[in-house]
Protein chains: 2
Amino acid sequence: MDDVYIAGAYVTRFGKFPDKTLRVLATEAVTGALADAGCGPDEIDAVYFANAAEGLLTGQEMIRGQVVLDGTGLEGKPVINCENACASGSTAAHLAFTAVQSGAADVALALGAEKLTNPDRARTFAVFQAGWDVERFGGPDGKSDQSAFMSTYADMARQYMARSGATIEDFAAVSVKSHANGALNPNAQYRDPLTVDEVLASRVIDDPLRLLMCSPIGDGASAVVVANHRGLARLDAEPVRVLAAALRSGSRDESETPVIVAARAAYEHAGIRPDDLDVLEIHDAAAPAELMVTEELGLAGPGEGLALFHAGATRIGGRFPINPGGGLLSRGHPIGATGCAQLTELVDQLRGRCGARQVEDAKIALAENAGGWLGGKGPAVATITILGRDGACPGSEA
Amino acid sequence: MDDVYIAGAYVTRFGKFPDKTLRVLATEAVTGALADAGCGPDEIDAVYFANAAEGLLTGQEMIRGQVVLDGTGLEGKPVINCENACASGSTAAHLAFTAVQSGAADVALALGAEKLTNPDRARTFAVFQAGWDVERFGGPDGKSDQSAFMSTYADMARQYMARSGATIEDFAAVSVKSHANGALNPNAQYRDPLTVDEVLASRVIDDPLRLLMCSPIGDGASAVVVANHRGLARLDAEPVRVLAAALRSGSRDESETPVIVAARAAYEHAGIRPDDLDVLEIHDAAAPAELMVTEELGLAGPGEGLALFHAGATRIGGRFPINPGGGLLSRGHPIGATGCAQLTELVDQLRGRCGARQVEDAKIALAENAGGWLGGKGPAVATITILGRDGACPGSEA
């Protein structure tokens, strides 16, 4: 992408906020992202809003963005409501990238907001079933007390154990690493470091997954302001370049997961190789994902993600720091908010604003966001976004 | 838009099809649009899918597009699920326009599909409440036996009667005109001409609205293939140019409806005036809309839409033929399918393929699609799309 920048980014703290409405969370994210971009709502030409659960939890569908934007100063703007399961937030961002690249907008806002906490916990868990093929696998019945999605992750984890030799202790260690990072992030849902023993002692969700290997239920919002060069002239921002954005779907019969396919497209578009990456945010809805995704992204060969992890490469200070903000496991995972939260973390890493969890001299960053399931090897949808500190990627300086 | 074309378009028959799944309807539309564009699924770079009701009717959310595309040959493609109430379909089309304009895709598919018929009629009617601000006005309670939305339309109709002198008989006459057009459209849900007396004798929904002044519940799908000039080279199509596409939201406190604001932007972008239009599809969810929208679009002055109608201007053969395909009133209104159905009608009008309902020598066409309600004067969202037969609009030949 020759002329696409993230000019502002903001994430609310993630957590269980029974007293905050979706509108309150969204408004905080909008206000924060606009302030970071150095503009007011008048400068925003279009809004892309991501949310996944409101329809089933509150009955609000169809115009979710227009509803939450009431009172933000963005009333009347072009608003597009979009969804792609747990990748909804990055989908909104990708639409904003496309809009400013086309010139349809010069400054666009991508906003993701989600409120999963509900007095009826079973209803919250049932929501996740809406992210697979309901006709094939059954619909949200409101009777679950945990997400059937975690059974899918458990299946994938068992398959990964068989082919890589990974153990339950390895998955626990991934969670420990993520929580150590989250402890350094003021906006993380969980800010207490954990031990391997604590993770292993937590409730079994579906073997090998323990509760503390799974991303939590929570609420939150995140937003990014996206601009082209004409738009930047209207802002007072420290922008980060978008080097590539790729989105692909999965299928039942896929030979490669959409993560692999989207990553390949994104690397090619950005003109970089995995080895050029300095920091990553990946979609660790459950702890084993970090190991698997390092392989799908080409940071490690097949079955070698475990060795990469054990070598410390994915820690802050390692060769490929992954989820310095705590990832989904400890920053939290309010579905529609996650994609822009990942981008916010990376934008702040590239701008050197991450304090105790700062990755030194980060120049090129990658976010992997994924969601849903159609019965194939990977998720129903995956997005890859590659960001660069200005001047970081000579090959893309078109 | 300098380089955006609709290269293929298709609409299924609209109606009550209890035995057809959403996937079956969507597959027919995809297959038809690809055939019309002269390509197979391999040529499609991205898909924008519109749907509004599946979440509340079947529990399918989040990845609705990926689910219905299973089996179409489009598995694995980039898919974005979008929503904007009754304007969802045109929203998908606008995203496709932006994508091909940006070069993110050279050929994109916009698909809208909806299945509203449900064994539980009250559940279908309750869905419509999800298109307003649920926190403010109450949510889908599953107990209605008709859409509370029609009460909003009835309110607007009463206000219009007060300021224009329009009568119930006038609204009935609008419905008669639309059904006369629908009778010429093999894909219309209702194909029987009506008389004013028949309309007036139908059940009172909310005074002044009678049942036959309201768009029906139904199922259907529609798709358009969108391309830039690089994309056109890969197709075997008779393309129509997209001269302008504008989308605006409403608000509680609006001074002008989003239809007015979007139309102004679209006219300016296309470099045309209302007087340049040859044929229109407008969002007549209820019959009075035709009169009001002609004023919002500037075809008639305030309060003068009625006189325009009485002069026969909006009939096929008149100065501004409106809804030659029957409009929402008789072609039908499966929410997410309507936007692309309007575009399909206009594309076929510009290509001279509409047989008995053909508008002679139509060169420039406008579609108005709208949806949702936030408590303001107009809808929560409105889109305006202006199409031109190639060479029809010298001012836009950039």
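What you are looking at is a predicted structure, and each value in this text was computed from that prediction instead of being measured.

The rules behind the values
Residues numbered from 1 in each chain as written. Chains lettered and ligands numbered in written order. Predicted model: local features only at pLDDT ≥ 70, side-chain atom pairs only at ≥ 80, totals over all residues. Heavy atoms only, no water. pLDDT = per-residue confidence, 0-100. Least-squares fit on C-alpha atoms with pLDDT ≥ 70 in both. Contact = heavy atoms within 4.5 Å. Buried area = accessible area lost by both parts, 1.4 Å probe. Salt bridge = Lys/Arg side-chain N within 4 Å of Asp/Glu carboxyl O. Polar contact = N/O pair within 3.5 Å; in protein donor to acceptor, adjacent residues only side chain to side chain. Helix = DSSP H or I, 4+ residues; strand = E, 2+ residues; numbered from the N terminus. Buried < 20%, exposed > 50% of the residue type's maximum accessible area, 1.4 Å probe, protein only. Phe/Tyr/Trp six-rings, centres within 6.5 Å; stacked < 30°, edge-to-face > 60°. Lys NZ or Arg CZ within 6 Å of the ring centre and 35° of its normal. Axes fitted to C-alpha atoms, helices over the stretch in contact; angles between N-to-C directions. Parallel < 35°, antiparallel > 145°, perpendicular 65-115°, else oblique. Left-handed = near helix turned anticlockwise from the far one by under 90°. Nonpolar A, V, L, I, M, F, W, Y, C, P; charged D, E, K, R; others polar. Disulfide = S-S within 2.5 Å. Pairing = 2+ DSSP bridges.

### Regarding the confidence of the model for chain A
Of the residues in chain A, 96% reach a pLDDT of 70 or more, and the chain-wide mean stands at 95. Here the predicted complex scores 0.97 on pTM and 0.97 on ipTM.

### Topic: the relation of the copies chain B and chain A
Mapping chain B onto chain A calls for a rotation angle of 180° and an axial translation of 0.0 Å; the resulting RMSD is 0.0 Å. Here the symmetry operator amounts to a two-fold rotation axis. Taken together, the interface assignments show that 100% of the residues at the interface of chain B recur at the interface of chain A, consistent with an identical surface on both copies.

### Some remarks on the interface of chain B and chain A
One widely used convention gives an interface's size as the accessible area the parts lose upon coming together. Residue-level contacts link 55 residues of chain B with 55 residues of chain A. Together, the buried faces of chain B and chain A total about 4,200 Å²; carbon and sulfur atoms form 55% of this surface. Of all residues in chain B, the largest losses of buried area upon contact with chain A belong to B:Met62, B:Ile63 and B:Glu83, amounting jointly to 16% of the total for that side. Connecting chain B to chain A are 10 salt bridges. Here B:Arg252 and A:Asp70 are joined by a salt bridge, their closest N and O atoms 3.0 Å apart. Taken together, the links from chain B to chain A amount to 34 residue pairs in polar contact (both at pLDDT 80 or more). Elements that contribute at least two residues to the side of chain B that touches chain A include exactly helix H2 (54-58), helix H3 (64-69), strand E3 (79-83), helix H4 (88-102), helix H6 (134-137) and strand E8 (240-249) of chain B. With six residues, the top contributor of residues to the side of chain B that touches chain A is H4(B).

### With respect to the pattern of salt bridges
Within the structure shown, the criterion is met by 56 salt bridges over all chains. In this structure, B:Asp70 and B:Arg23 form a salt bridge, with 3.5 Å as the shortest nitrogen-oxygen distance. Here B:Arg23 lies in helix H1 (residues 22-37) and B:Asp70 lies in the loop between H3 and E3, a separation of 47 residues in the sequence. Relative accessible area serves as the criterion here: at 13%, B:Asp70 is assigned to the buried category. Residue classification places B:Arg23 among the buried residues on the basis of a relative accessible area of 15%. The residue B:Lys177 makes a salt bridge to B:Glu290 at a minimum N-O spacing of 2.8 Å. Of this pair, B:Lys177 sits in helix H8 (residues 168-182) while B:Glu290 is found in helix H12 (residues 288-296), placing the two residues 113 residues apart along the sequence. In terms of burial, B:Lys177 and B:Glu290 fall into one category: buried. Taken together, the shared-partner salt bridges connect A:Arg23, A:Asp70, B:Asp133, B:Glu135, B:Arg136 and B:Arg252 into one network.

### Focus on the packing of aromatic side chains
Tallied over the full model, the rule gives six aromatic pairs over all chains. Following the ring pairs from residue to residue traces out a cluster consisting of A:Trp132, A:Phe137 and A:Trp373. The residue whose ring lies beneath B:Lys20 is B:Phe17, and the NZ or CZ to ring-centre distance is 4.8 Å. Above the face of the B:Phe320 ring, B:Arg319 is positioned so that its terminal group lies 4.4 Å from the ring centre.

### Focus: the packing of helix H4 (residues 88-102) of chain A against H4(B)
Running from N to C, H4(A) and H4(B) cross one another at 60°; their axes reach a closest spacing of 8 Å. By the angle class used here, H4(A) and H4(B) are oblique. The interaxial crossing formed by H4(A) with H4(B) has left-handed handedness. Note on element contacts: H4(B) touches H4(A) through B:Leu95, B:Thr98, B:Ala99, B:Gln101 and B:Ser102, opposite A:Leu95, A:Thr98, A:Ala99, A:Gln101 and A:Ser102. Broken down by class, the residue content of the contact of H4(A) with H4(B) amounts to four nonpolar, six polar and no charged.

### A word on the state of the cysteines
Residue and element names in this part refer to chain A. Counting across every chain of the model gives zero disulfides over all chains. Left without a disulfide partner, Cys39 is nearest to the cysteine sulfur of Cys340, which lies 15 Å away. You can call Cys39 buried: its relative accessible area is 15%. Unpaired in terms of disulfides, Cys86 finds its nearest cysteine sulfur in Cys214, a separation of 13 Å.

### Some details on the pairing of strand E2 (residues 46-50) of chain B
For a regular strand, the rule is simple: side chains alternate between the two faces of the sheet. Residues and elements named next belong to chain B. The element E2 is extensively covered by neighbouring structure, given that five of its five residues are classed as buried. Of the two faces of E2, both are covered, the one formed by Ala46, Tyr48 and Ala50 as well as the one formed by Val47 and Phe49. In terms of strand pairing, E2 meets strand E4 (residues 107-115) through five bridges, oriented parallel. When the sheet's bridge partners are listed, Ala46 is paired in E4 with Ala108. Two strands pair when backbone bridges link them, and E2 and E3 are joined in this way by four bridges, in the parallel orientation. Looking across to E3, one finds that Tyr48 is bridged to Ile80.

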